[in-house]
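Close look at the chain arrangement
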Amino acid sequence: MPAVSNVLVIGAGLAGTATAIGLAAGGVAVDLIDVKPAVDAAGSGITMQGNGLRELRRLGVWEAVRAAGYPFSSLGLRAPDPAGTLLAEIPDARTGGADLPATVGLPRPALARILIDRALAAGARLRLGTSVSSLDPDPAPDPGSGGVGVVFSDGSAGRYDLVVGADGVRSATRKMIGITDEPQPTGMGIFRAFGPRPASVTRTDLIYGGPSYIAGYCPTGEATLYAYIVEDARDRSVLSQEQRLAAMLELAEAYHGPWDDIRPTLTDPAAVSYTQFEQLVVPAPWNRGRVVLIGDAAHACPPTLAQGGAQALEDAAVLTELLLSRPVADDALWAAFTARRFDRARTVVEASCQLGQWQLDHQQGDVPGLLAAITALVSQPA
Ligand SMILES: Cc1cc2nc3c(=O)[nH]c(=O)nc-3n(C[C@H](O)[C@H](O)[C@H](O)COP(=O)(O)OP(=O)(O)OC[C@H]3O[C@@H](n4cnc5c(N)ncnc54)[C@H](O)[C@@H]3O)c2cc1C
C-alpha cells in the first residue's frame, strides 16, 4: 500500500502535473487544481536538459515530447561581432543518459498539454480556475497518520492524506503553511520572444557581451524558436507590448550570424515577454506535516543553466517514488525526501546565481569548472 491514498496537488505546472501522473499511475486518487482557467494557453519556449528528459521518459511522455520539440546535442558560442563569428561548438553533455539527446527545446504550451493529457489518462481529476482558500491540517498529527482539510475558492471542500504545493515561485501554499521565505531578485532581466525558426538555427547559440550580458536562442520545433536577451534588471513593466518588442529589437541589433535571420521575423508584440530573474531556496524541510512544497515553490533559479524545469520534475519523481514505495508518510519519509532533494536543488540554484553574478561583476569566473560540476551532479539519477 502507498503511504497516501488521496492527494491534492496545487498547481498544474511541471512539478504538479508530474506528481499527479506518478501518483495517479500508482493507484493514488489525485485532485489536481490550477488557478488559471487554462494552463496550455500561453508561454514562450523551454530548454529541457537531459536529466529533465529522463524524468519525462519515466512519466511516459518522451515520444510525445520528441515529436513536439527540437532535439539537439551541441552548444554554440558566438562573438558579439559584425559577423556573429562562431567561436566554439561544444558537444553538450547527455545528462539523461546516452540514449537521450542532451537537450530538447519545445513550446511551453505544448509541454503543458502533453503533461496534462498524461495526468488525465492516468486518472488524475483536474479542476482549472480553482485555488485553495484555506488549509486545515489535523492538529499535531501522528507522523504517520492524519490529514488535511481543504476549502477551495468555489466554496467546495475536501480532505486529503497529503497536499502538494506545486504552485510556483509565488506559492500561496508556502505562505499558508507559515513559510515566509520569498524569492529575491538577482539583478538581471530577460526579454524572450517566440517566433519562427530560420534554417540557420539548429541548436542553442549563446553570445556573451555586447550591449547585453547574453543573447541566445533555442529551436523549439521545425517551425519555431524562442530568442532571448539578458540585461541588467529594469522596470520594463511600464512599456507597452509594442515598446517591449522595439526595446528587444534594439538590443538585438548588436548581434549577428543567425540573429540577422531572426530579427526580421520578430514582428508580433504579443510574443515578447520580460521577466526579472529571481532566486529562492526554502530551507529544509519543505514540508509542514502533511503539506509539502516542490518545484519553484521550494527552490527557484535564474535560467542561466536552464535547470529549473528539470529540478521541478526531479522533485516530483523523488516524492512520488517515496510515497508509492513506503507504507507511511512519516518523519523518515520526509528525511529521505530532504536527503535526496535539498542539496541537489540548492547546488543548482547557487550555481545558476553564480553564473549570473560573475557577469554582473564583470569577473572572469571558472565557468567551465562550474558547468562540469553541475553536469556531473545532474547526470546522477535524482
Ligand atoms: C525567464 C525564465 C526562463 C526559464 N527557462 C527555463 C528553461 O529554459 N528550462 C528550464 O528547465 N527551466 C526554465 N525556467 C524555470 C522553469 O520555468 C521553472 O523552474 C518551472 O516552470 C517550475 O515548475 P513548477 O511546476 O514548480 O512551477 P510553475 O511552472 O510556475 O507552475 C506553477 C503552477 O501553479 C499555478 N498556480 C500558481 N498559484 C496558484 C494557486 N494559488 N492555486 C493554484 N494554482 C496556482 C500556476 O498557474 C502554474 O500553472 C525558466 C524560468 C524563467 C523565469
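Rules and cut-offs
Residues numbered from 1 in each chain as written. Predicted model: local features only at pLDDT ≥ 70, side-chain atom pairs only at ≥ 80, totals over all residues. Heavy atoms only, no water. Axes fitted to C-alpha atoms, helices over the stretch in contact; angles between N-to-C directions. Helix = DSSP H or I, 4+ residues; strand = E, 2+ residues; numbered from the N terminus. Parallel < 35°, antiparallel > 145°, perpendicular 65-115°, else oblique. Left-handed = near helix turned anticlockwise from the far one by under 90°. Contact = heavy atoms within 4.5 Å. Near = heavy atom within 4 Å. Polar contact = N/O pair within 3.5 Å; in protein donor to acceptor, adjacent residues only side chain to side chain. Nonpolar A, V, L, I, M, F, W, Y, C, P; charged D, E, K, R; others polar. 1 Å grid on protein atoms, 1.4 Å probe; cavity = no way out; pocket = protein on both sides within 12 Å on 5 of 7 lines; lining within 4 Å. Points joined across faces, edges and corners; volume = space filled by probe spheres on them. Pairing = 2+ DSSP bridges. Phe/Tyr/Trp six-rings, centres within 6.5 Å; stacked < 30°, edge-to-face > 60°. Buried < 20%, exposed > 50% of the residue type's maximum accessible area, 1.4 Å probe, protein only. Expected span 1.5 Å × (residues − 1). Bend = angle between axes of the 7 residues up to and from the residue.

One can describe the packing of helix H1 (residues 14-25) onto helix H4 (residues 108-122) by two numbers: an axis separation of 8 Å at closest approach and a directional angle of 25°. As summarised for this structure, H1 and H4 are arranged roughly parallel, according to the angle between their axes. Helix-helix and strand crossings are classified by hand; for H1 and H4 the assignment is left-handed. Here Leu14, Thr17, Ala20, Ile21, Ala24 and Ala25 of H1 come into contact with H4, specifically with Leu111, Leu115, Ile116, Arg118, Ala119 and Ala122.

This paragraph deals with the site of the ligand. The immediate surroundings of the ligand are formed by 29 residues, with Ala15, Asp34, Thr47, Asp296 and Gly309 found nearest. At a separation of 2.8 Å, an oxygen atom of the ligand approaches a polar backbone atom of glycine 309. Going through the elements one at a time, H1, strand S3 (45-49), strand S13 (184-196) and helix H8 (308-325) are the ones with two or more residues in the shell around the ligand. Residue contributions to the shell around the ligand peak at four residues, all from H8. For the shell around the ligand, the class distribution of residues is 13 nonpolar, 10 polar and six charged.

Our focus in this paragraph is the side chain of glutamate 55. Note on placement: glutamate 55 falls in helix H2 (residues 50-58). With residues near it in sequence (within four places) discarded, glutamate 55 still touches Leu313, Glu314, Ala317 and Ala382.

All right, on to empty space enclosed by the protein then. Unoccupied space between atoms shows up once a probe the size of one water molecule is rolled over them. As enumerated under the stated definition, the model contains one cavity of 30 Å³ or more in all. What the largest cavity holds in volume is close to 40 Å³. Considering the residues around the largest cavity, the lining is formed by Thr186, Met188, Pro302, Ser352, Cys353, Gly356, Gln357 and Leu360. Elements represented by at least two residues in the lining of the largest cavity include exactly S13 and helix H9 (331-360). Among the elements that line the lining of the largest cavity, the one with the most residues is H9, at five residues. Among the residues forming the lining of the largest cavity, the class breakdown is four nonpolar, four polar and no charged.

What follows deals with the sheet that holds strand S2 (residues 29-34). Pairing is mixed in the open sheet, where six strands are placed in the order S8-S2-S1-S12-S19-S18. Edge positions in the open sheet fall to strand S8 (125-128) and strand S18 (287-288), since each of these has one partner strand only. Looking at chain direction, strand S1 (residues 6-10) and strand S12 (residues 162-165) are connected through four bridges and run parallel. Within the sheet, the bridge partner assigned to valine 9 lies in S12 and is valine 164. Sheet strands in contact with H1 are S1, S2 and S12, and its direction is about 165° off that of S2.

A few words on the packing of aromatic side chains. Within the structure shown, the criterion is met by eight aromatic pairs. An angle of 45° between the planes, with centres 6.4 Å apart, marks the rings of tyrosine 255 and tryptophan 259 as tilted. The pair formed by tyrosine 255 and tryptophan 259 is uniform in burial state, with each residue classed as buried. Through a chain of ring-to-ring contacts, the aromatic side chains of Trp286, Trp334, Phe337 and Phe342 assemble into a single cluster.

Helix length check: H9, at 30 residues, gives a terminal C-alpha distance of 41 Å against a target of 44 Å (1.5 Å per residue), a fit within 8%. Maximal helix bending in H9 amounts to about 30°, located at threonine 338. Phi turns positive, to about 50°, at histidine 362, one or two residues after H9.

Time to look at the layout of surface pockets. Space inside the second largest pocket adds up to approximately 170 Å³. In terms of lining residues, the second largest pocket is bounded by 13 residues, among which Gly22, Arg58, Leu59, Ala317 and Thr320 are the most central. The set of elements that each furnish at least two residues to the lining of the second largest pocket consists of H1, H2 and H8. Of all the elements, H8 adds the most residues to the lining of the second largest pocket, at five residues.

The sheet built from three strands is open, its strands ordered S3-S7-S4 with antiparallel pairing. Edge positions in the sheet fall to S3 and strand S4 (70-72), since each of these pairs with one other strand and no more. For this sheet the average axis-to-axis angle between neighbouring strands, irrespective of direction, equals 20°. Sheet topology places S3 next to strand S7 (residues 103-107); five bridges connect them, and they run antiparallel. Paired with glycine 45 across the bridge in S7 is proline 107. In the packing of H4 onto the sheet, the strands contacted are S3 and S7, and the crossing angle to S7 comes to about 95°.

Nothing here speaks to function; it is all geometry.
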